Amino acid sequence: MGVKREFGTAVSRVLSGGVRLTDAEYSIVCALVDALPPQLRSVVEVQFNSYNLVQREADQRGLNFYLKRGGKVMAQGLPLLSHKGVEAPLVRITARLLDSESPLHAVLTAVNGRAFQVTLDRRLVLLEHVECVRVEDIVHAWRSNFAVP
């Protein structure tokens, strides 16, 4: 199934403060989801494909994903992940964009059963059109907080 590239319409993005993912952000999100085990990945893909709003944090190092209906953020109708606590990391990756000298570190975090946030260790503004991501290391953070058969 994979992860869709655009969340909401141009009008809904303007009204809700949403953004379009850059090529680099999209590549990182896909790499994070692809690194999940199949049982978690299938739920996370459904969630991402249901979301209709993504907002970039002010420091441009984080992306937050939402399902918004009738002007309200909700999770109703989404399959949820079962995990300990309220917030739990799913997966961490170390990757390189193109031939960048310094690696990029990214984390996909679940909040209240939803894959909610992608956090990056730096802004990707200068590399926004880069699509080539080479994953160098994966940390399966889900093992501490998620039950996977």
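The structure this text deals with has already been given above.
## Observations concerning the pattern of salt bridges
For the coordinates displayed, the defined rule picks out 7 salt bridges. Between arginine 13 and glutamate 6 there is a salt bridge, with its nearest N and O atoms 3.5 Å apart. A relative accessible area of 11% means that arginine 13 is categorised as buried. Where arginine 134 meets glutamate 136, a salt bridge forms, and the shortest distance between an N and an O atom there is 3.1 Å. The partly exposed category is assigned to glutamate 136, whose relative accessible area is 38%. It is possible to trace a salt-bridge network through shared partners that takes in Glu6, Arg13 and Arg20.

## A closer look at helix α3 (residues 38-50)
Side chains of residues three or four places apart in an α-helix project in the same direction, reflecting 3.6 residues per turn. Here α3 contains 13 residues, and its C-alpha end-to-end distance of 18 Å stays within 8% of the 18 Å for a straight helix at 1.5 Å per residue. Of the positions making up α3, those classed as buried are Leu40, Val43, Val44, Glu45, Gln47 and Phe48. Buried positions along α3 lie against α2 (23-34), β2 (62-69), β4 (87-97), β5 (104-111) and β6 (114-120).

## Here we look at the nonpolar core
Counting residues in hydrophobic clusters, the biggest one holds 42 residues, and the most contacted among them are Val44, Phe48, Phe65, Leu90 and Leu108. Looking at this core, the elements that each hand over two or more residues are α2, α3, β2, β4, β5 and β6. Contacts of phenylalanine 48, omitting those with residues within four sequence positions, involve Val3, Lys4, Phe7, Val29, Val33, Phe65, Leu108 and Ala115.

## Description of the pairing of β6
Most of β6 is tucked away: 6 of the 7 residues are buried. Both β2 and β6 contribute to a ladder of 3 bridges, which runs antiparallel. Directly across from glycine 62, in β6, lies its bridge partner threonine 119. Bridging between β5 and β6 involves 6 bridges; their strand directions are antiparallel. Counted as the bridge partner of alanine 106 is leucine 120 from β6. The turn joining β5 and β6, which pair antiparallel and follow one another in sequence, is formed by 2 residues; a positive phi near 50° is taken by asparagine 112.

## As for the side chain of histidine 83
Checked against the element boundaries, histidine 83 lands in the loop between β3 (72-74) and β4. There is a polar contact of 3.0 Å between the side chain of histidine 83 and the backbone nitrogen of glycine 113. What histidine 83 contacts, discounting residues up to four positions off in sequence, is Ala88, Ala110, Val111, Asn112, Gly113, Asn145 and Phe146.

Calculation rules
- Residues numbered from 1 in each chain as written.
- Predicted model: local features only at pLDDT ≥ 70, side-chain atom pairs only at ≥ 80, totals over all residues.
- Heavy atoms only, no water.
- Salt bridge = Lys/Arg side-chain N within 4 Å of Asp/Glu carboxyl O.
- Buried < 20%, exposed > 50% of the residue type's maximum accessible area, 1.4 Å probe, protein only.
- Helix = DSSP H or I, 4+ residues; strand = E, 2+ residues; numbered from the N terminus.
- Expected span 1.5 Å × (residues − 1).
- Contact = heavy atoms within 4.5 Å.
- Core = buried A, V, L, I, M, F, W, Y, C linked by side-chain atoms within 4.5 Å.
- Pairing = 2+ DSSP bridges.
- Polar contact = N/O pair within 3.5 Å; in protein donor to acceptor, adjacent residues only side chain to side chain.

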